[in-house]
Amino acid sequence: MRRPRTAFFDLSCCEGCQLQVVNAGELLLEIVNLIDLVEFREAMSERHDGPLDVAFVEGSVTDEHAAARLREIRGRAKVLVALGSCASTGGVNGMKNAFDLAEIGRVVYGDGRRFFPTATTRALHQVVPVDYTIHGCPIAIPELLTVLKCILAGIPYTVPDQAVCTECKRNENVCLYDRGVTCLGPVTRAGCNSWCVNNGNICYGCRGLVSNPNEKGMLQVLTSRGISLEHVVRRMEMYNRCREEGPERAR
Amino acid sequence: MPAKKAGKNLGVKVEYLTRVEGHGNIVVEVRDGALEACRFDVVEAPRFFEALLRGRSIFEAQHITSRICGICACAHSLTSIQAAEEALGIIPTAQTTTLRRLLLDLEFIDSHVLHVYLLALPDLVGARSFLPLVASHEKVVRRALRMKKTVNHLSDTLVGRHVHPISAIVGGFTKLPSPADLERMHEELIALRPDMEATVALVASLAFPEFERPTEYVALVSDDATYPLLAGDIGSSDGVRLARREYRRATNEKVVPHSSAKHTSLSRDAYAVGALARFNLNHEKLAPRAKEAARVLGLKAPCHNPFLNTVAQTVEAVHCLEEAIGLAGELLERGVDRSEALVVGLNEGGRIPVRAGEGVGAIEAPRGILFHRYVTDDAGLITAADCVIPTNQNLANIEGDMRALVPEILHKSDAEIQLRLEMLVRSYDPCISCSTHLVRL
Ligand code: SF4
Ligand code: SF4
Ligand code: SF4
């Protein structure tokens, strides 16, 4: 079988997800044996302008230049993978959408803002069709490997659609609500093995919301603990603000 | 400066420089032997972090701002935490400070190994990336990946992961290493020494371009014996010394049209931060093994060759490994007080008293000094934020180097000139996506 011609691209992001790929260690050598890696700007000078079998795209669409670039990549890739929260849900870049764009330009660049046009942040699927999604900020290496196997086998990957709580329970963590703090695990999509809670922190919702969140249950928990809904909605904006813009939002 | 070869025309335009973090272009134009344009354009789309932090809890700051950069996420977290703690009036415990120093050491080793092996080395051995090196230098590539893997594993133990650490928060840590963790960490760190020695030997065998341009070097400085990475004043080779709260007097940012990152200057029209700046200012405080590495590598302060930043990184990697071994040993011996582990979340329960305040964090990131400043209201919400990132501080200096370098190499072929310019920029290990969000409060 011909090894799939594969490239990595980055839009607006911190490149942490690409770094996770490099962090796979010597496993990386096995990965590059399975694929024909033709472009990976963070780690390679080689460039490739022709057709691609697989394009991994990290980062969000935050201006028209990025949207055009994404469409161009989509146009020549058989399979397009959204790599990480920035790509899959808009990620932290989506927080920008809670503000007036002209105003935040002024805050950061003052009179110089005219040099730096910006647009509402969008996740990849809000601009082009996406074939595979790897959630997480950053992505988890085991899930990357699973998705890679699916791509090589030509089968779909189904992102787990239950709450982080299910993994957290299996890991026998003491629930953070019982320790007096708010955690987004009940409404956040699993697949990270409750990474943050295992390390004593709260879930910030980086993998996006489950498709059918148990709103009633969540509300009950909040009411019984005296936590305001507003507080939780504000927390959810960190990674899920783009969701409000709808899937195929025009420009 | 008059060009050596009159009449030459040259047009270099490197779009999306590779093997650096983020998006930048190199533009050099020479017409009839005269340098007409010489720029390093930051074309990364702005991400407006400072603007979108407004209204968020100070307890979220380190989570959000570590997302400025995946490569130095720990340095961003630690700087953010330092600024937040100053705003809130929290003084970290001795144990917390030790663990933070250990974390920063791991970050330096990881980042320097990445740069030396995967980003810089290909140029020095005539390859386009690490991929062809898998065939020609398999042992070297494997060593680099192995070292990264080990350090990542150590970071995982300490803070959950290296890319966007989980357990390091305002006030301390949400999870503390167990005695068994510490024992294993200490052993793994000691076991890294042979690979580190091999790294020094490898770098010693490489030929770096000869070029010198004296400039002002800026780094943290302190009066104690520790090589200052986590704490200190702002110092410069031109004799400036400022408290970290006065960072804006040191950086003097200005907006330039060709770059979404602002430029900075101090005593001259440009200054440099990073491994070479730290080495030049603080080399006497390096661990003995790191001093020995500098001797083997022929690195002497003051060094004015920006290409040797990669060599200074190698020396620092040795130093940070030695410091990390010492700190892990210390923790192992003293024992970790696990009752210090925190449950804070977003401080809903108000365990940590909040107040209106202002704080500045100044920490050495692998690429140079990093500043965060937050202003909070009496509910502990951020009302204003400012981040000044190392790559920004280097931008004007990179362009100064380019202007000095081009006339010296104008006799070479266009391809060689382009490669040399790329190498120059890469030697600064720029972190461009970091550099695109700066603000005046
Ligand atoms: S998802 Fe997170 S780690 Fe990945 S690129 Fe975006 S900010 Fe960085
Ligand atoms: S709410 Fe958070 S801590 Fe509690 S079970 Fe769910 S994921 Fe775990
Ligand atoms: S626990 Fe939550 S925030 Fe942490 S990695 Fe998992 S989904 Fe993301």
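Note that the structure is predicted; figures quoted are calculated from it, not measured.

What counts, and at which threshold
Residues numbered from 1 in each chain as written. Chains lettered and ligands numbered in written order. Predicted model: local features only at pLDDT ≥ 70, side-chain atom pairs only at ≥ 80, totals over all residues. Heavy atoms only, no water. Pairing = 2+ DSSP bridges. Helix = DSSP H or I, 4+ residues; strand = E, 2+ residues; numbered from the N terminus. Axes fitted to C-alpha atoms, helices over the stretch in contact; angles between N-to-C directions. Contact = heavy atoms within 4.5 Å. Near = heavy atom within 4 Å. Nonpolar A, V, L, I, M, F, W, Y, C, P; charged D, E, K, R; others polar. Buried < 20%, exposed > 50% of the residue type's maximum accessible area, 1.4 Å probe, protein only. Right-handed = clockwise from strand over helix to strand, strands pointing away.

Student: Talk me through the sheet that holds strand 4 (residues 77-83) of chain A; I want residue IDs and the actual numbers.
Tutor: Residues and elements named next belong to chain A. One open sheet accounts for five strands, arranged 2-1-3-4-5; its pairing is parallel. Among the strands making up the open sheet, the edge pair consists of strand 2 (36-40) and strand 5 (132-134). When the angles between neighbouring strand axes are averaged without regard to direction, this sheet yields 20°. Direction of pairing for strand 1 (residues 5-10) relative to strand 3 (residues 52-58): parallel, over a ladder of five bridges. Across the sheet, residue Phe-8 finds its bridge partner in strand 3, namely Phe-56. Most of the contacts of helix 3 (residues 64-76) go to strand 4, to which it runs at about 135°, and overall it touches strand 1, strand 3 and strand 4.

Student: Which residues make up the sheet that holds strand 11 (residues 368-376) of chain B, and what are the values?
Tutor: Residue and element names in this part refer to chain B. With respect to topology, three strands assemble into an open sheet ordered 10-11-12, the strand pairing being antiparallel. What marks the edges here is a single partner per strand, and that holds for strand 10 (357-365) and strand 12 (382-388). Put simply, the sheet's adjacent strands are angled 10° from each other on average, direction ignored. Judged from the nine bridges that link them, strand 10 and strand 11 form a sheet pairing that is antiparallel. When the bridges of strand 11 are listed, Val-360 appears paired with Arg-373. Contacts between helix 13 (residues 390-409) and the sheet are confined to strand 10, strand 11 and strand 12, with strand 11 contributing the most and set at about 125° to the helix.

Student: Which residues make up the site of ligand 2, and what values do they have?
Tutor: Residues and elements named next belong to chain A. Looking at ligand 2, the residues that line it are Cys-165, Cys-168, Lys-169, Cys-175, Leu-176, Tyr-177, Cys-183, Gly-185, Pro-186 and Val-197. At three residues, the largest contribution of residues to the shell around ligand 2 is made by helix 7 (residues 164-170). Across the shell around ligand 2, the residue classes tally to eight nonpolar, one polar and one charged.

Student: I'd like to hear about the pairing of strand 4 of chain A, residue by residue, with values.
Tutor: Residue and element names in this part refer to chain A. Within strand 4, six of the seven residues are buried, leaving the element largely enclosed by the surrounding structure. By the bridge criterion, six bridges tie strand 3 to strand 4 in an arrangement that is parallel. Across the sheet, residue Val-54 finds its bridge partner in strand 4, namely Val-79. On the question of chirality, the crossover connecting strand 3 to the parallel strand 4 by way of helix 3 is right-handed. The pairing of strand 4 with strand 5 spans three bridges and is parallel. By the bridge assignment for strand 5, Val-81 is matched with Tyr-132.

Student: Tell me about the pairing of strand 11 of chain B, and name the residues and values.
Tutor: Residue and element names in this part refer to chain B. The buried fraction of strand 11 is high, at eight of nine residues. Between the antiparallel neighbours strand 10 and strand 11 lie two residues. Relative to strand 12, strand 11 runs antiparallel, the two sharing six bridges. Bridging across to strand 12, Val-375 finds its partner in Ala-384. In sequence, strand 11 turns back onto strand 12 through a hairpin of five residues, with Gly-380 there showing a positive phi of about 80°.

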